[in-house]
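Each chain is listed here by its residues.
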Amino acid sequence: MSLRSVKQTIPALETSDGAGVRIKRSLGQHQNIRLDPFLMLDEFGSDQPQDYIAGFPSHPHRGFETVTYMIEGHMLHEDHMGNRGNLKNGGVQWMTAGRGIVHSEMPQQESGQMRGFQLWLNLPAAEKMKPAGYRDIQPEEIPAITVDGGLVKLIAGTVTVDGQEHHGAVTGGSTLPLYADIHLAPGKEALMPVHPELDGMLYLYEGDAALVSDQGSEALKLSAASILSTGDSVRVGAGESGARLLLIAGKPIGEPVVQYGPFVMNSREEIEQTLRDYRDGRLTA
């Protein structure tokens, strides 16, 4: 067993997106701050309506996937294909922009807590122009794995815990994404396998926790992407307050990334073609 350690910490920066939604952005705060195959990770969380009520009105995407995980709140997704999905507590929306999608994500509440994450997952060149797709994943579709230290919600990927293989709500894909929400009781630990070919990170969003490796124990920074070294396992322990954190990993694509706002391709020429397609109404044709 080779335990992973923290090789880089990327604190999330407060910013806004959409029509003024307040977020914390770690990956993607600059275009050179990414973890192949992941382009961006946003954390949103507020009980002040002015921080989220304007939402994300209709806008386009091409060349990647978005994964929205709602911990608390109610968001409505609508797109040009006629999909309409209500994202509520514990639910996930997995959207493949592919060659092009136009969608909106609008809060369906006027008060209360709105809390969750959005992850952007890149697509390889061979898949960037595939048809757009959308999946609404209900909370009961996400496997909950009981571990000694607490609970693991397996949104995507396949892991073996205590000799038993578990499959997430989403499996497969060329980048083999692993996405787990780990809940640890105070003072407890969890050991999670992560295939050596995957690049990974942890994101502590509640409580306090440390990553335990052969180099010792290293405290994880709250609201920061903790980029992991190579290895085949992650051991994380919670402090006195317990901990909730995301484990995210994927197989690197290793291709050039050229991004212009909501469009992610492999060359400037492809971006220019995408802009022409959007302008001329061919993005979703």
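Residues numbered from 1 in each chain as written. Predicted model: local features only at pLDDT ≥ 70, side-chain atom pairs only at ≥ 80, totals over all residues. Heavy atoms only, no water.

Attention now goes to the environment of Asp 280. Residue placement: Asp 280 occurs in the segment after α1 (268-279). Distance in space between the C-alpha atoms of Asp 280 and Arg 34 is 31 Å, their sequence separation being 246 residues. (Helix = DSSP H or I, 4+ residues; strand = E, 2+ residues; numbered from the N terminus.)

To continue, consider the packing of aromatic side chains. Evaluation of the coordinates by the stated rule reveals 5 aromatic pairs. Geometrically, the ring pair formed by Phe 117 and Tyr 205 is edge-to-face, given 5.2 Å between the ring centres and 70° between the ring planes. Highlighted residues: Phe 117 in strand β11 (residues 114-122) and Tyr 205 in strand β19 (residues 199-213), separated in sequence by 88 residues. Note on accessibility: Phe 117 and Tyr 205 belong to one class, buried. In this structure an aromatic cluster arises from ring pairing among Phe 117, Tyr 203 and Tyr 205. (Phe/Tyr/Trp six-rings, centres within 6.5 Å; stacked < 30°, edge-to-face > 60°. Buried < 20%, exposed > 50% of the residue type's maximum accessible area, 1.4 Å probe, protein only.)

Another aspect to go through is the sheet that holds strand β12 (residues 133-137). Strand pairing in a sheet relies on backbone hydrogen bonds, with the paired strands running either antiparallel or parallel. Taken together, the 7 strands give an open sheet; going across it, the order is β2-β3-β4-β11-β6-β9-β12, and neighbouring strands pair in antiparallel fashion. Of all strands in the sheet, those with a lone pairing partner are β2 (13-17) and β12, marking the two edges. Neighbour-to-neighbour, the strand axes of the sheet open up by a mean angle of 20°, direction not taken into account. In this sheet, β12 lies alongside strand β9 (residues 92-96) in antiparallel orientation, the contact comprising 5 bridges. Residue pairing for β12: Val 92 is matched across the bridge by Ile 137. (Pairing = 2+ DSSP bridges. Axes fitted to C-alpha atoms, helices over the stretch in contact; angles between N-to-C directions.)

With that out of the way, let us pick up the pairing of strand β14 (residues 150-156). Pairing geometry for strand β13 (residues 144-147) and β14, over 4 bridges, is antiparallel. Counted as the bridge partner of Ile 145 is Val 152 from β14. As consecutive antiparallel partners, β13 and β14 are separated by 2 residues. Looking at chain direction, β14 and strand β17 (residues 178-184) are connected through 6 bridges and run antiparallel. Paired with Leu 151 across the strands is His 183, a residue of β17.

In terms of nonpolar packing, the biggest core is built from 29 residues, with Leu 27, Phe 117 and Tyr 179 touching the most fellow members. Once residues lying within four places of it in the same chain are set aside, the contact partners of Tyr 179 are Val 67, Tyr 69, Phe 117, Leu 119, Lys 153, Leu 154, Ile 155, Ala 156, Leu 246, Leu 247 and Ile 248. (Core = buried A, V, L, I, M, F, W, Y, C linked by side-chain atoms within 4.5 Å. Contact = heavy atoms within 4.5 Å.)

For the rest of this paragraph, the subject is the environment of Lys 153. Topologically, Lys 153 is positioned in strand β14. For the pair Lys 153 and Asp 208, spaced 55 residues apart in sequence, the C-alpha to C-alpha distance is 19 Å. Excluding its chain neighbours within four sequence positions, the residues that come into contact with Lys 153 are Tyr 69, Ile 142, Pro 143, Tyr 179, Ala 180, Asp 181 and His 183.

Our next topic: the side chain of Gln 93. Checked against the element boundaries, Gln 93 lands in strand β9. By relative accessible area, which is 4% here, Gln 93 ends up buried. Leave out the neighbours within four places in its chain, and Gln 93 touches Thr 66, Val 67, Thr 68, Met 75, His 77, Gly 85, Asn 86, Leu 87, Tyr 134, Arg 135 and Asp 136.

What follows concerns α1. With 12 residues, α1 extends 17 Å between its outermost C-alpha atoms, agreeing within 8% with the 16 Å of an ideal straight helix rising 1.5 Å per residue. Taken as a whole, α1 has its buried residues at Ile 271, Thr 274 and Asp 277. Buried positions in α1, seen along its axis, are confined to an arc of 120° and lie on one side of it. Opposite the buried face of α1, by more than 90 degrees, sit the exposed residues Arg 268, Glu 269 and Arg 279. Looking one or two residues beyond α1, the residue adopting positive phi is Gly 281, at roughly 80°. (Expected span 1.5 Å × (residues − 1). Arc of directions from axis to C-beta.)

What follows covers the UniProt feature "domain: Pirin C-terminal" (unreviewed entry) in the chain. Mapped onto this numbering, the UniProt entry gives "domain: Pirin C-terminal" (unreviewed entry) at residues 179-283. With 11% helix and 56% strand, residues 179-283 has its two end C-alpha atoms placed 29 Å apart. (UniProt positions renumbered as here; feature names shortened; annotations may be inferred.)

Attention now goes to the pattern of salt bridges. For the coordinates displayed, the defined rule picks out 17 salt bridges. We note a salt bridge from Arg 84 to Glu 78, for which the minimum N-O separation is 2.5 Å. A relative accessible area of 56% places Arg 84 in the exposed class. Of the charged contacts, one joins Glu 141 and Arg 135 as a salt bridge, the two residues approaching to 3.6 Å between their closest N and O atoms. Here Glu 141 falls in the partly exposed class, since its relative accessible area comes to 36%. Given the relative accessible area of 34%, Arg 135 is considered partly exposed. Connected through salt bridges with shared partners, the residues Arg 62, Asp 277, Arg 279, Asp 280 and Arg 282 form a single ionic network. (Salt bridge = Lys/Arg side-chain N within 4 Å of Asp/Glu carboxyl O.)

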